[in-house]
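Residues per chain are reported as follows:
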2 protein chains.
Amino acid sequence: MASPGSGFWSFGTEDGSGDPENPGTARAWCQVAQKFTGGIGNKLCALLYGDTEKPADSGGNQPSRAPARKAACACDQKPCSCPKADVNYAFLHATDLLPAFGGERPTLAFLQEVVDILLQYVVKSFDRSTKVIDFHYPNELLQEYNWELAEHPQNLEEILMHCQTTLKYAIKTGHPRYFNQLSTGLDMVGLAADWLTSTANTNMFTYEIAPVFVLLEYVTLKKMREIIGWPGGSGDGIFSPGGAISNMYAMLIARFKMFPEVKEKGMAAVPRLIAFTSEHSHFSLKKGAAALGIGTDSVILIKCDERGKMIPSDLERRILEAKQKGFVPFLVSATAGTTVYGAFDPLLAVADICKKYKIWMHVDAAWGGGLLMSRKHKWKLSGVERANSVTWNPHKMMGVPLQCSALLVREEGLMQSCNQMHASYLFQQDKHYDLSYDTGDKALQCGRHVDVFKLWLMWRAKGTAGFEAHIDKCLELAEYLYNIIKNREGYEMVFDGKPQHTNVCFWYVPPSLRVLDDNEERMSRLSKVAPVIKARMMEYGTTMVSYQPLGDKVNFFRMVISNPAATHQDIDFLIEEIERLGQDL
Amino acid sequence: MASPGSGFWSFGTEDGSGDPENPGTARAWCQVAQKFTGGIGNKLCALLYGDTEKPADSGGNQPSRAPARKAACACDQKPCSCPKADVNYAFLHATDLLPAFGGERPTLAFLQEVVDILLQYVVKSFDRSTKVIDFHYPNELLQEYNWELAEHPQNLEEILMHCQTTLKYAIKTGHPRYFNQLSTGLDMVGLAADWLTSTANTNMFTYEIAPVFVLLEYVTLKKMREIIGWPGGSGDGIFSPGGAISNMYAMLIARFKMFPEVKEKGMAAVPRLIAFTSEHSHFSLKKGAAALGIGTDSVILIKCDERGKMIPSDLERRILEAKQKGFVPFLVSATAGTTVYGAFDPLLAVADICKKYKIWMHVDAAWGGGLLMSRKHKWKLSGVERANSVTWNPHKMMGVPLQCSALLVREEGLMQSCNQMHASYLFQQDKHYDLSYDTGDKALQCGRHVDVFKLWLMWRAKGTAGFEAHIDKCLELAEYLYNIIKNREGYEMVFDGKPQHTNVCFWYVPPSLRVLDDNEERMSRLSKVAPVIKARMMEYGTTMVSYQPLGDKVNFFRMVISNPAATHQDIDFLIEEIERLGQDL
């Protein structure tokens, strides 16, 4: 292993690299820099003395080459005490970093170098003159670079290049014109919090190994339950790896509540259980049913009205039908904010039915939960307070970095009874602190990633008022889009009326199709429009928006806005871009 | 919202803050600094001009106070162009950061400030003179700080303080004397990769939104399958949120392979299924069985020998017993590296039995999988190549940051058939690229966190050879510990013989107990020793090691080593510390 002075530290001269016009000033800098902590001193000399030759964007294909980040300090002392000063990454390897002896200097320099790459990416993400994506087909990317894993290490110069290459082809999910997913945007406080989470590198297993994070989860889940409207914020909950798993938890807990013996005896010991959810609900309900041994046939899809809302009378009819067959309805999952239409099921009516038939009411508010933060829009979730459990993903509408999904449960203790296995070798009962803070045994997971800190820190930084402003703004933008296109030539709305969430669903009809009769041929041609426009968007990299078919409706665009970086001008741009890319079709 | 010049940028004078001895040099610095990108220019002036007064460690309890990070630029120009120069965080809020107009300067300054806090923490983590943990009881921490979430935002000064406070009470999981969990250590390249992952802020749903990460998952899983020994690395797999979920996947896929109708029809349509695993296996097998509707009663625990290895003859006996009752054995989960003893089940013998009775063979190598990287130790997993599925957590023995757990499956396509729901609105079939790279539908999750990049980048940086060296070193340290204590007065080994993994299990017997006969009273007193020593360790914060009872064995220490920062001296320290803290008991 190399050590300071053995070759990877190289020393320049005053008349070498650096500020050629002012070597004296530069030397003075380098000396003053040493007074500062935290990786800053590191940066100064190196940057002053030659870190100008950035590596070209190239992957790991090329052989090891002359160092691109050569740097030398022009201090009087040789060797000088500049921590980074003159790091030559081509001669450094991971084994030179902490915990290596003498590893502090190269570690701080290396991490700062990575941060510089990340900061550049962050700035670019918000720059409308950059591409949303530099798209390449899988086989192109696979051929262009050597991504293989080998026996021998690469040097840190190569590692830094991999970071640059990876970001070069990454999609800029924070870009103001990236509308492709329900999760968009890049929140700066959330990002900082996620960096801290990585640095703390622990999990939510016990208070012992994550004291602050466990408390923050407790505080944050309680606050979310208060906002849902459960008295005093009482109840239970957990941050899980995504909304699909949160919904699966709900199903699991609902089943256990009704038939606790299922834990030991399995599904063989219980009657046939039936879950109900709308035909527009998320596929995770069926996925969960398949996994939990309930079976997808036992998930009954309830009809929706033309706006995508569950029809309560159909729900009641199907519940009665199931009961008549001797089956046991055990769960209704209403959706607050469907994936495609952004529809809110009528929660109060659903709650009445669940109460009448004593069925667990779950609300999948993965997408719509954020609206609870807005005094203007929360009425759309009226009745959520009557739910037994709620899925709410702050990583969607609230802009928290991925992943951050909460499952909230009204009854306390149920999660624990349902999932605990009492592994005494993992949850020792004779520890010296209050064991109710050891949350590991109520989870399906053993180790569990810390997902709460980014939400908590963002909440402190924005306040509830800040989330409210964010959400109100996104909904206003959706309405702006709707108002523009509803009467614009070449657009047809998939459903009538103002959007309830930020989802705006529409067809773009190119001029050549506008003259056609509304027949099968037109539908067939229309179905091909959105995929082509989307493919062109990705190839140009200018913007991205999702499309899909749904039921008997052929491919249409689903526009969603969750990124506070988006403006009216970005909406205008999207419309112009769709027309530019689609008018010849 | 504040804007540059409106108050949060404050301007000092030459004779004010800054380098009091050399204001001229300082001014020159500030000007030169502007040439550099990436947040560095930001730092210079601010650091030069007054960033010396760091905030005290205090939470959010105190009212908003005078800014602690006051800084002013002494440039000639007023206002100057120094990006950070003179940021006063007490006057800045999240709304001043990107995407705010003019947000680039404060954003780069703020993120760099956070990074400085993190870099300090990183350096401290490896410093043996710092505490592993500054332990406080839950009620103390709850009372000492105000962690509550409020209506109104806090300023960025307060946000930075929260970062400091959070880390102050965090456990230093990278500390060379932290031996508490199977996952320890803080790898610098892994950390950098995790920061990049956070910055890219996407998920593994489709190639469209995570092109590079999807390819890297493909490459990395293939490499892992090659190492397991499946021909050409063929097969399937996924990175899941932890070993418990990976094991649940295995169970789910094994069930589907035998009875594909279970997906639609549920467990009611299939005979009673039985899974087998050893009495020393991880509790997640039972947890998975409970969740999947199989029931914990249908998980048969096979007896282990005195070293914690599954006894094959007992496995076969229990399989026959189940078959005689008309039940269907569908899964054997052998463990490669048990949680407590670090035992490796005899995989070849288990494979023979699974073949004979046509049962899915799963290997839970969450903890032991890392040994496959070592030519010296991989024999302990001989037979793993005959498994149908393998759980392997690089976040454990390979030191990858949390979370990084892989489930590898020998048969390709099975995961997809088992889990896909064909949600056409999410997985459009008419996209313009090869859809086999859209991995979302084979997962239980919908959105899925990017867990692969840190492993991939570490692998490039260390090479397979680097992981091998890391693992050989940790196992050598465990043997060192074993050799010291096996004959040392006051120690009793829980099982005889050299450890096979890094697990070393032992009782420390204080002098007062050494004279007692081996009776119930002694056992009762011995059971209280480890908890008291552990509590004292945490209160001193000097080191941490786990303890637990197991079967008829009262509380004993389970020492594990996965942190390459640990040395022989740290092992010596642990022994001395146990004796120092336990000799009076």
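None of these values were measured; they are calculated from a predicted model.

## Section: the nonpolar core
Logical step 1: In this structure, Phe110(A) and Phe110(B) are the most contacted members of the largest nonpolar core, which totals 330 residues.
Logical step 2: Excluding anything up to four places from it in sequence, Phe110(A) contacts Tyr89(A), Leu97(A), Leu156(A), Ile159(A), Leu160(A), Met188(B), Val189(B) and Ala192(B).
Logical step 3: Counting 65 residues, the second largest nonpolar core, distinct from the first, contains Ala250(A), Ala289(B), Ala291(B) and Leu407(B).

## A closer look at helix α7 (residues 211-228) of chain A
Residues and elements named next belong to chain A.
Logical step 1: Over its 18 residues, α7 extends 26 Å from the first C-alpha to the last, a length consistent with the 26 Å expected when each residue adds 1.5 Å.
Logical step 2: Burial analysis of α7 places 15 of its 18 residues in the buried class, the great majority of the element.
Logical step 3: Gly229 occupies a position one or two residues after α7 and carries a positive phi of about 115 degrees.

## As for the sheet that holds strand β1 (residues 178-179) of chain B
Residues and elements named next belong to chain B.
Logical step 1: Spatial strand order, β1-β11-β12-β10-β9: 5 strands in an open sheet with mixed pairing. Here the strands that pair on one side only, and so sit at the sheet edges, are β1 and β9 (491-493).
Logical step 2: Pairing geometry for strand β10 (residues 504-508) and strand β12 (residues 553-559), over 3 bridges, is antiparallel. Opposite Phe506, over in β12, you have Phe557 as the bridge partner.
Logical step 3: Where helix α16 (residues 520-527) meets the sheet, it contacts β9, β10 and β12, and its direction lies at approximately 40 degrees from that of β12.
Logical step 4: Running over the sheet, helix α17 (residues 529-540) touches β10, β11 (544-550) and β12 and is turned about 160 degrees from β11.

## Examining helix α3 (residues 104-125) of chain A
Logical step 1: Compared with an ideal rise of 1.5 Å per residue, which puts 22 residues at 32 Å, α3(A) spans 31 Å between its outermost C-alpha atoms and is within 8% of the ideal.
Logical step 2: Counted residue by residue, α3(A) has 17 buried out of 22 residues, so it is predominantly covered.

## Considering the UniProt feature "modified residue: N6-(pyridoxal phosphate)lysine" (unreviewed entry) in chain A
Residues and elements named next belong to chain A.
Logical step 1: Per the UniProt record, "modified residue: N6-(pyridoxal phosphate)lysine" (unreviewed entry) is found at Lys396.
Logical step 2: Within the element layout of this structure, Lys396 appears in the loop between β7 (389-392) and β8 (405-409).
Logical step 3: Setting aside residues up to four positions removed in sequence, Lys396 forms contacts with Leu182, Ser183, Ala366, Trp367 and Ser562.

## Quick notes on the packing of α3(A) against helix α5 (residues 156-168) of chain A
Residue and element names in this part refer to chain A.
Logical step 1: In the contact formed by α3 and α5, the axes pass within 10 Å of each other and the chain directions differ by 15 degrees. It follows from the interaxial angle that α3 and α5 lie roughly parallel. In terms of crossing hand, the pair formed by α3 and α5 is right-handed. On α5, the residues touching Phe110, Glu113, Val114, Ile117, Leu118 and Tyr121 of α3 are Leu156, Ile159, Leu160, Cys163, Gln164 and Leu167.
Logical step 2: Taken together, the residues that form the contact of α3 with α5 break down as 10 nonpolar, 1 polar and 1 charged.

Reading the values: the criteria
Residues numbered from 1 in each chain as written. Chains lettered and ligands numbered in written order. Predicted model: local features only at pLDDT ≥ 70, side-chain atom pairs only at ≥ 80, totals over all residues. Heavy atoms only, no water. Core = buried A, V, L, I, M, F, W, Y, C linked by side-chain atoms within 4.5 Å. Buried < 20%, exposed > 50% of the residue type's maximum accessible area, 1.4 Å probe, protein only. Contact = heavy atoms within 4.5 Å. Helix = DSSP H or I, 4+ residues; strand = E, 2+ residues; numbered from the N terminus. Expected span 1.5 Å × (residues − 1). Pairing = 2+ DSSP bridges. Axes fitted to C-alpha atoms, helices over the stretch in contact; angles between N-to-C directions. UniProt positions renumbered as here; feature names shortened; annotations may be inferred. Parallel < 35°, antiparallel > 145°, perpendicular 65-115°, else oblique. Left-handed = near helix turned anticlockwise from the far one by under 90°. Nonpolar A, V, L, I, M, F, W, Y, C, P; charged D, E, K, R; others polar.

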